[in-house]
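Listed below, chain by chain, are the residues.
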Amino acid sequence: MERMVGKTKLSVIQGDITLQETEAIVNAANTSLLGGGGVDGAIHRAGGAKILEECKEISARQGGCPTGEAVITSGGNLKAGYVIHTVGPVWSGGSRKEEELLRNAYYNSLRIAKENEVASVSFPSISTGAYRFPIDCAARIAITTVKEFIQEHSFTEIRFVLFSAGDLKVYEDALTQS
Ligand code: ADP
């Protein structure tokens, strides 16, 4: 499914984010930036050691990445030239600013993309795996934050890449309702 939002194509597909040819892909990292499971593990496996080396340098310099913030590295062996590593919140019931922190993760990823003149970005479903953020709510935040940003700053494409058919449906519904 795709929609034009101003000059930007906003698309929602099912697939593997490590295979996307957008200029950047976003990683749902953790605060250590030292790799983990889920999409983080998949990106480091597919992208090779260079990405982890750059993450380690950033970590040594600034002590990891706080929740809601984002950092950028090269894409190593990936088709994407860059990986934007952002840290979504761990869901713990909704009273620990999880919604605001998830919004920040999307916003800061797009901000860092713009700062680096990246024209197209693929996002995974941040926080809805191991971090257990309820996906209906996460999808609404993801879509509305991206739509708001791209109304102000255009890209060629922003793509949401969902791993399962069920997740794809949730994001398609969120896009339809937005
Ligand atoms: P978090 O810790 O932020 O919850 P996870 O990696 O556990 O991150 O999960 C985030 C989402 O990424 C989940 O929906 C998971 O199914 C999905 N995912 C895992 N591997 C991939 C992949 N290769 N491409 C796209 N999405 C993926």
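In the block above lies the structure referred to throughout.
Since the model is a prediction, treat every value here as computed from it, not as a measurement.

Parameters and conventions
Residues numbered from 1 in each chain as written. Predicted model: local features only at pLDDT ≥ 70, side-chain atom pairs only at ≥ 80, totals over all residues. Heavy atoms only, no water. Buried < 20%, exposed > 50% of the residue type's maximum accessible area, 1.4 Å probe, protein only. Helix = DSSP H or I, 4+ residues; strand = E, 2+ residues; numbered from the N terminus. Arc of directions from axis to C-beta. Contact = heavy atoms within 4.5 Å. Pairing = 2+ DSSP bridges. Polar contact = N/O pair within 3.5 Å; in protein donor to acceptor, adjacent residues only side chain to side chain. Core = buried A, V, L, I, M, F, W, Y, C linked by side-chain atoms within 4.5 Å. Expected span 1.5 Å × (residues − 1). Phe/Tyr/Trp six-rings, centres within 6.5 Å; stacked < 30°, edge-to-face > 60°. Lys NZ or Arg CZ within 6 Å of the ring centre and 35° of its normal.

A. A look at helix α1 (residues 38-47). Those residues of α1 that sit buried are Asp 40, Gly 41, Ile 43, His 44 and Gly 47. For α1, the buried positions fall inside an angular range of 165° around the axis, keeping them on one side. For α1, the exposed residues lying more than 90 degrees away from the buried face are Gly 38 and Arg 45. Each element contacted by the buried residues of α1 is listed here: β3 (24-28), α2 (49-62) and β5 (82-86). At the exit of α1 stands Gly 48, carrying a positive phi of roughly 85°.

B. Representation of the pairing of strand β2 (residues 8-14). For strand β1 (residues 2-5) and β2, the ladder comprises 4 bridges, and the chain directions are antiparallel. Within β2, the residue paired with Arg 3 across the bridge is Leu 10.

C. Seen up close, the side chain of Ser 125. Within the secondary structure, Ser 125 is located in the loop between β6 (120-123) and α4 (135-152). Within polar-contact distance, the side chain of Ser 125 engages the side chain of Tyr 171 at 2.7 Å. Not counting chain neighbours up to four residues away, the residues in contact with Ser 125 comprise Tyr 106, Ile 135, Val 161, Leu 162 and Tyr 171.

D. The arrangement of the nonpolar core in detail. One finds Tyr 106, Phe 123, Val 146, Ile 158, Phe 160 and Tyr 171 to be the most contacted residues of the largest nonpolar core, which totals 38 residues. At the level of elements, β2, β3, α3 (98-115), β6, α4, β7 (157-162) and α5 (165-177) are the ones that each hand at least two residues to this core. Top element by residues in this core is α4. It accounts for 10 residues. Listed in part, the 15 residues of the second largest apolar core include Ile 43, Ala 80, Val 83 and Val 87.

E. Representation of the pairing of strand β4 (residues 70-74) within the structure. In terms of burial, β4 is a largely internal element, 4 of the 5 residues being buried. Pairing between β4 and β5: 5 bridges, direction antiparallel. Residue pairing across strands places Ala 70 opposite Thr 86, the latter belonging to β5.

F. Examining α5 more closely. For α5, which comprises 13 residues, the first-to-last C-alpha distance of 18 Å matches the rise-based estimate of 18 Å (1.5 Å per residue) to within 8%. Every buried residue of α5 is accounted for by Leu 168, Val 170, Tyr 171, Ala 174 and Leu 175. In a view along the axis of α5, the buried residues occupy a sector of 160°, so they form one face of it. Exposed residues on α5 whose side chains face more than 90 degrees from its buried face are Ala 165 and Gln 177. Buried residues along α5 sit in contact with β1, β2, α3, α4 and β7.

G. How the structure looks around the packing of aromatic side chains. Taken as a whole and judged by the stated rule, the model has 7 aromatic pairs. Measuring from centroid to centroid gives 6.2 Å for Tyr 106 and Phe 160, while their planes differ by 55°, and the two rings are tilted. Placement of Tyr 106 in helix α3 and of Phe 160 in strand β7 is noted, with a sequence separation of 54 residues between them. Take Tyr 106 and Phe 160: they sit in the same class, and that class is buried. Judged by centre distance (5.6 Å) and plane angle (45°), the ring pair of Phe 160 and Tyr 171 falls under tilted. Of this pair, Phe 160 sits in strand β7 while Tyr 171 sits in helix α5, placing them 11 residues apart in sequence. For the pair shown, Phe 160 and Tyr 171 are each scored as buried. In this structure an aromatic cluster arises from ring pairing among Tyr 106, Phe 123, Phe 160 and Tyr 171. Stacked on the ring of Phe 155, the Lys or Arg Lys 114 has its end atom at 4.7 Å from the ring centre.

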